[in-house]
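# Observations on the three-dimensional arrangement
Chain by chain, the residues:
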Amino acid sequence: MSTVHRRVAQACLVGMLILASSSGIMRPSEAAVFFAPAVNPSTGLGPVALVLASLNGDAAPDLVVTNRDGNSVSVLLGDGTGGFGPKTDFPTGLTPVAMALASLNGDAAPDLVTANLGANTVSVLLGNGTGGFGPKTDFATGLIPVAMALTSLNGDAAPDLVVVNQAANTVSVLLGDGAGVFGPKTDFATGLTPVAIALADFNGDARSDLVVVNRDANSVSVLLGDGTGGFGPKRDFPTGLSPTFIAVRDLDGDNLLDVVTTNQDGNSVSVLLGDGTGSFGPKTDFATGLSPVALALASLNNEARPDLVVANQDGNSVSILLSTTSSPGSVPQPGDGGSGSDLCFIATAAFGSPLAPQVQLLRKFRDQDLLPFPAGRAFVSAYYALSPPVARVIARSEILRSVVRAALIPVVWWASLTLNSPRLGLGVLTVALCLALWPIRKLSRRTGPGNV
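Residues numbered from 1 in each chain as written. Predicted model: local features only at pLDDT ≥ 70, side-chain atom pairs only at ≥ 80, totals over all residues. Heavy atoms only, no water.

### Section: helix α5 (residues 398–420)
Filter applied, for reference: Put simply, DSSP marks the helices as runs of H or I at least four residues long and the strands as runs of E at least two long, and each gets a number from the N terminus on. Under the convention used throughout, the expected extent of a helix is 1.5 Å for every residue step, that is, one less than its residue count. Bend is computed residue by residue as the angle between axes fitted to the seven residues ending at the residue and the seven residues starting at it. Each residue is assigned to one of three classes by its accessible area relative to the maximum for its type, calculated with a 1.4 Å probe on protein chains only: buried under 20%, partly exposed between the two thresholds, exposed over 50%.
The end-to-end C-alpha distance of α5, which contains 23 residues, comes to 32 Å, matching closely the 33 Å that a straight helix rising 1.5 Å per residue would cover. Along α5, the sharpest kink reaches roughly 35 degrees, centred on Leu-408 and followed within four residues by the proline Pro-410. Looking at α5, one finds that the buried residues are Arg-401, Val-404, Leu-408, Val-412, Ala-415, Leu-417 and Thr-418.

Right, here's the structure in full:
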């Protein structure tokens, strides 16, 4: 390249950069986000949860990690430059799986509570204000505690504790005395297999109410608080299949709290709009990736309504659902004759995405050739009931995904043929059935009574 050409190219490049910068296409602060290589401090065995907070009163966040297999929590003090010191372990009860930090005794030092799945207890460790904790004190819960929340339920300043007991189908309420001690538990019934919890005022009486996710009941239970630490009887509201996570927010801008759940076996999220009395309307489901297990709410496009970000465990992806006044992503229920659902579970697991052309073609075949007819609706309903756990197994094995993809190729071909030419599709199906039955017919003749 000549000097003249080189100078012209350089001038063009500078001009493009100036135009991009001035037009907002690229600004230095927005051009890219980078992270330094990972630093991996050691914790105890089997870390499953963590919290960042200042434990020693300086401005640097410290790290607290729950060690499920180590029956402990690890504290790593921050140095204010992004680094952490070596861990210090503090014993908890057996198999801690959840953790919360709050001042339980009224001083400025954060205290710690863990839910201990293997001991049916919670452990309270009072902070000393220098980054350490005193010895644990255990308090009994129901069977298999898996989640908890801290808040004042009876109007005093002392935090009270609500614990989700997965195997007992209850929540336990333990009232705090303001000195870091909790009274005996009081249990309240939930639905089947509760796994998650949220506290909020759903009926506007300035009292904390409770919503519990019931994984095996495909529901949430709402228990209205009485302001003394107790709750009224539960009222259940249906969700999608196998809900595992819940978030509470005003989703539709009416200043009333709504709830949204991730449905692990439904590959969807369920939105239930609150009416301000502690009741909720019927669910609306929105398709996600495969096996959603957690979500976060935030405005991603600077609009007033929050959007959804969902973590899909078996899809190795996140789903982003932007809030809208229409419902383009809503999932029709089995047998309702709707369209647009992403609930082709097995095909989605095999091809890796609900947007795969093969999955979209099978959805179109379902909507046009199965759902309009009673027999087709019965087949689809049975498929919805039986296929989610099968799809989860397929998604976790690349070998199974390859095998199922190969098995689905003739199905996809036939569905495409039927959509374009129903008579030809029916003819091919008839011939295929005859060919499949021919060996059986020959075998029955050989083994019939006259051939014995």
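### Re the environment of Leu-362
Going by this rule: When checking whether two residues touch, look at their non-hydrogen atoms; a contact exists if any pair is within 4.5 Å.
With respect to the secondary-structure elements, Leu-362 resides in helix α3 (residues 357–370). Taking the C-alpha atoms as reference, Leu-362 lies 7.6 Å from Cys-344; in sequence the two are 18 residues apart. In contact with Leu-362, other than residues within four places in its own chain, are Cys-344, Ala-347, Val-411, Val-412 and Ala-415.

### Looking at the sheet that holds strand β13 (residues 194–200)
Short version of the rule: Two strands make a pair as long as DSSP finds a minimum of two bridges between them. To obtain an axis, a line is fitted to C-alpha atoms, over the contacting stretch when the element is a helix, and the angle between two such axes runs from 0 to 180 degrees between their N-to-C directions.
Reading across the sheet, the four strands line up as β13-β14-β15-β16 and stay open at both edges, with antiparallel pairing between neighbours. The open sheet is flanked by β13 and β16 (235–238), the only strands paired with a single partner. Pairs of neighbouring strands in the sheet enclose a mean axial angle of 25 degrees, with direction left out of account. Relative to β16, strand β15 (residues 219–223) runs antiparallel, the two being bridged by four bridges. Among the inter-strand pairings, Ser-221 is bridged to a residue of β16, identified as Asp-236.

### A few points about the packing of aromatic side chains
Basically, it comes down to this: Centre distance within 6.5 Å is the pairing criterion for rings of Phe, Tyr and Trp, where only the six-membered ring of Trp is used; planes under 30 degrees apart are then read as stacked, over 60 as edge-to-face, and the remainder as tilted.
Here the structure, examined in full by the defined rule, presents six aromatic pairs. With centroids separated by 5.6 Å and ring planes inclined at 80 degrees, the aromatic side chains of Phe-237 and Phe-280 adopt a geometry described as edge-to-face. Placement of the pair is Phe-237 in strand β16 and Phe-280 in the loop between β19 (268–272) and β20 (284–287), with a sequence separation of 43 residues. Among the residues examined, Phe-237 registers a relative accessible area of 6% and is labelled buried. An aromatic cluster of at least three residues, connected via ring pairs, comprises Phe-202, Phe-237 and Phe-280.

### Structural notes on the side chain of Ser-72
Looking at the element boundaries, Ser-72 is found in strand β3 (residues 72–76). Owing to a relative accessible area of 7%, Ser-72 belongs among the buried residues under this scheme. For Ser-72, the contacting residues outside a window of four places in its chain are Val-65, Thr-66, Asn-67, Asp-89, Phe-90, Pro-91, Thr-92 and Pro-96.

### Quick notes on the nonpolar core
Condition: Each nonpolar core is a collection of buried residues, namely Ala, Val, Leu, Ile, Met, Phe, Trp, Tyr and Cys, held together in the definition by side-chain atoms within 4.5 Å.
In this structure, Ala-347, Ala-349, Phe-351, Val-359, Leu-362 and Leu-408 are the most contacted members of the largest nonpolar core, which totals 22 residues. Those elements giving two or more residues to this core turn out to be α2 (345–351), α3, α4 (374–395) and α5. In this structure Ala-347 touches Gly-352, Val-359, Leu-362, Tyr-383 and Leu-408, once residues within four positions along its chain are discounted.

### A few points about the pattern of salt bridges
Spelled out, the test is: We count a salt bridge whenever a side-chain nitrogen from Lys or Arg sits within 4 Å of a carboxyl oxygen from Asp or Glu.
Within the structure shown, the criterion is met by eight salt bridges. Here Lys-87 and Asp-89 are joined by a salt bridge, their closest N and O atoms 2.6 Å apart. The class for Lys-87 is partly exposed, based on a relative accessible area of 33%. With a shortest N-O distance of 2.6 Å, Lys-283 and Asp-285 are connected by a salt bridge. Of the residues examined, Asp-285 reaches a relative accessible area of 7% and is grouped as buried.

### Thoughts on the environment of Thr-193
Looking at where Thr-193 falls in the secondary structure, it is placed in the loop between β12 (186–189) and β13. Of the residues examined, Thr-193 reaches a relative accessible area of 9% and is grouped as buried. For the pair Thr-193 and Val-164, spaced 29 residues apart in sequence, the C-alpha to C-alpha distance is 9.3 Å. Aside from chain neighbours lying at most four places away, what touches Thr-193 is Gln-166, Asn-169, Val-213, Asn-214, Arg-215 and Asp-216.

### As for the sheet that holds strand β4 (residues 88–91)
Ordered by their spatial adjacency, four strands build an open sheet running β1-β2-β3-β4, and the pairing between neighbours is antiparallel. Strands at the two margins of the open sheet, each flanked by one partner only, are β1 (47–53) and β4. Across the sheet, the mean angle from the axis of one strand to that of its neighbour is 25 degrees, orientation sign disregarded. Across four bridges, the pairing between β3 and β4 is antiparallel. What sits directly across from Val-75, in β4, is Thr-88.

### Some thoughts on the packing of α4 against α5
This is how the line gets drawn: Classification convention: Asp, Glu, Lys, Arg as charged; Ala, Val, Leu, Ile, Met, Phe, Trp, Tyr, Cys, Pro as nonpolar; all other residues, Gly among them, as polar.
It is at 6 Å that the axes of α4 and α5 come closest, and there the two elements cross at 115 degrees. Each of Val-393, Ile-394 and Ala-395 in α4 lies in contact with α5, whose residues at this interface are Leu-400, Arg-401 and Val-404. Considered class by class, the residues forming the contact of α4 with α5 number five nonpolar, no polar and one charged.

Keep in mind these values describe shape, not function.
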